[in-house]
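These are the residues of each chain, in order.
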Amino acid sequence: MKPQKKLGQNFLINKSAIKKIVDALEISDSDVIIEIGAGTGNLTQEILKRSKKVIAIEKDKSLISLLRLKFQKDSHSLQIIEGDVREILPTLASKLKKFKVVGNIPYYLTGRLLRIFQELTNAPQLIVLTLQKEVAERLGAQPPRMNQLAVIVQLWAKPKIILQLKPKDFFPPPKVRSTVVQLKVKSSAERYNKEKELIPFIVCGFQQPRKTLLNNLSREYSKEKIKKVFERLNLTEKTRPAELSVEMWITLFEYLNS
C-alpha cells in the first residue's frame with residue numbers, strides 16, 4: 001500500500017538511494033541523528049539499523065501516528081517529535097553534545113533551514129539534505145560562477161553532491177529533480193570569527209550580480225576606497241561578485257573595514 005501525500009511531501013521510496021543517503025551520514029556508534037521530515041519512516045528505518053539514537057521530527061499529525069505504530073518496538077532508540085523543525089531545532093541542538101542531520105527539504109524551507117544551521121551555537125558535525133537540483137548545484141559553485149548562497153554556505157560548511165535522484169524515486173513523483181548534498185560543517189576554529197558581520201557585506205556585493213563588484217559595494221563604501229583596496233588585492237574595476245572565492249570575500253571585507 002502506497003503512502004498518501006501529506007503537506008506537499010514527496011516520499012523517497014528508492015531503497016538503493018535511501019542506503020546511499022545513510023552512507024553519506026558516515027554514522028558511528030555514538031552518533032545522534034536528527035531526521036527532518038520523517039514522513040512514512042522509510043529513511044528512519046535504514047538509519048535505525050546503524051544508529052543507537054535517532055530523533056525524528058515530523059509536522060503532520062497523521063504521519064506521527066503512523067510513525068509511532070511502525071516503530072513501536074524501537075522506542076529505546078527512536079524519539080519522535082511533532083512540530084515545525086524551524087522552531088524545534090535550535091532548542092534541540094542546544095541540548096545535544098554531538099549530532100548529525102538528514103532530511104528531504106521542501107524548496108520553501110531551504111533558505112531558512114540553512115540559516116538556522118549556520119546560526120546554531122552547537123552546530124551539527126554533518127548534514128545530508130535532499131534538495132531541489134538547482135539549489136544543490138548552487139551550493140557547491142566555485143569561482144568564476146559563485147553566487148550569494150554558495151559564498152554564505154561555504155563560510156561554515158563544505159558541500160559535496162552525493163547523488164542525483166529521479167522523479168520516479170519518490171511517491172508521488174515530483175515535478176522537479178532532486179539532488180542529495182552532504183555538508184561537512186567546519187569546526188569553530190575553521191570558521192571566520194566575524195561571520196555575522198560578513199554576511200550583509202556579501203549580500204551587498206551580490207545585490208546586482210551582473211553588475212561589477214565596484215558598483216555594488218559603492219552603496220556602502222566610497223569608490224575611491226574600493227579602488228585602492230582592489231589594487232592591493234589584484235582585483236579590477238570590472239571584477240564581478242561571481243569571480244571571488246570565499247577567502248577573497250573575507251579578505252576584501254577586512255581591508256574595506258580596517
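Here, every reference points to the structure presented above.
Analysis parameters
Residues numbered from 1 in each chain as written. Predicted model: local features only at pLDDT ≥ 70, side-chain atom pairs only at ≥ 80, totals over all residues. Heavy atoms only, no water. Helix = DSSP H or I, 4+ residues; strand = E, 2+ residues; numbered from the N terminus. Axes fitted to C-alpha atoms, helices over the stretch in contact; angles between N-to-C directions. Parallel < 35°, antiparallel > 145°, perpendicular 65-115°, else oblique. Contact = heavy atoms within 4.5 Å. Salt bridge = Lys/Arg side-chain N within 4 Å of Asp/Glu carboxyl O. Buried < 20%, exposed > 50% of the residue type's maximum accessible area, 1.4 Å probe, protein only. Arc of directions from axis to C-beta. Pairing = 2+ DSSP bridges. Polar contact = N/O pair within 3.5 Å; in protein donor to acceptor, adjacent residues only side chain to side chain. Core = buried A, V, L, I, M, F, W, Y, C linked by side-chain atoms within 4.5 Å.

A. Expanded view of unusual backbone geometry. Omega for the peptide link from Pro143 to Pro144 comes to 10 degrees, which places this bond in the cis form. The omega angle of the peptide bond from Phe171 to Pro172 is -15 degrees, so this bond is cis rather than trans. Take Pro172: it is sitting in the loop between β8 (170-171) and β9 (178-185). Even without a glycine there, the phi angle at Glu26 is positive, about 50 degrees. Mapped onto the elements, Glu26 comes out in the loop between α1 (15-24) and β2 (32-36).

B. Spotlight on the packing of helix α4 (residues 85-94) against helix α5 (residues 107-119). One way to put it is that α4 packs onto α5 with a least axis distance of 11 Å and a crossing angle of 10 degrees. Comparing their axes, α5 and α4 come out roughly parallel. In this structure, α4 uses Val85, Arg86, Leu89 and Pro90 to contact α5, whose residues at the interface are Leu109, Arg112, Leu113, Ile116 and Phe117.

C. Layout of the pattern of salt bridges. Here the structure, examined in full by the defined rule, presents 14 salt bridges. With a closest N to O distance of 2.5 Å, Arg50 and Asp23 form a salt bridge. Note that Arg50 is positioned in the loop between α2 (42-48) and β3 (53-58) and Asp23 in helix α1, a separation of 27 residues in sequence. A residue is classified by how much of its surface remains accessible, and Arg50, at 30% relative accessible area, is partly exposed. Residues Lys100 and Asp31 are paired through a salt bridge, measuring 2.9 Å at the closest nitrogen-oxygen approach.

D. Looking closely at helix α11 (residues 246-256). Every buried residue belonging to α11 is among Val246, Trp249, Ile250, Leu252, Phe253 and Leu256, and all of these are buried. Seen from one end, α11 has its buried residues packed into an arc of 165 degrees, which puts them on one side. Close packing links the buried residues of α11 with α7 (148-154), α8 (195-205), α9 (213-217) and α10 (223-232).

E. Fine view of the sheet that holds β3. With respect to topology, seven strands assemble into an open sheet ordered β4-β3-β2-β5-β6-β9-β7, the strand pairing being mixed. In the strand order of this sheet, the two ends are held by β4 (78-82) and β7 (157-165), each with one partner. Across the sheet, the mean angle separating the axes of adjacent strands is 20 degrees when strand polarity is ignored. Two elements, strand β6 (residues 126-132) and β9, share seven bridges in a ladder whose sense is antiparallel. In the sheet register, Thr130 faces β9, and the bridge partner there is Val180. Relative to β7, α1 is tilted by about 170 degrees, and along the sheet it contacts β5 (100-104), β6, β7 and β9. Against the sheet, α5 engages β2, β5, β6 and β9, with an angle of about 160 degrees to β6.

F. Structural view of the side chain of Asp31. By secondary structure assignment, the location of Asp31 is in the loop between α1 and β2. A distance of 2.9 Å separates polar atoms of two side chains, one belonging to Asp31 and the other to Lys100. The contacts of Asp31, once residues within four sequence positions are left out, are Glu26, Ser51, Lys53, Lys100 and Gln125.

G. Geometry of the nonpolar core. Core analysis: the biggest nonpolar cluster contains 34 residues, and Ile34, Leu114, Phe117, Trp156 and Leu183 have the highest contact counts within it. Counting only elements with at least two residues in this core, the list comes to β2, β3, α4, α5, β6, α6 (133-139), α7 and β9. Among residues more than four places away in sequence, those in contact with Phe117 are Ile36, Leu89, Val101, Ala123, Pro124, Ile127, Leu129 and Trp156. Within the second largest apolar cluster, 28 residues are counted, among which are Leu217, Phe230, Leu235 and Ile250.

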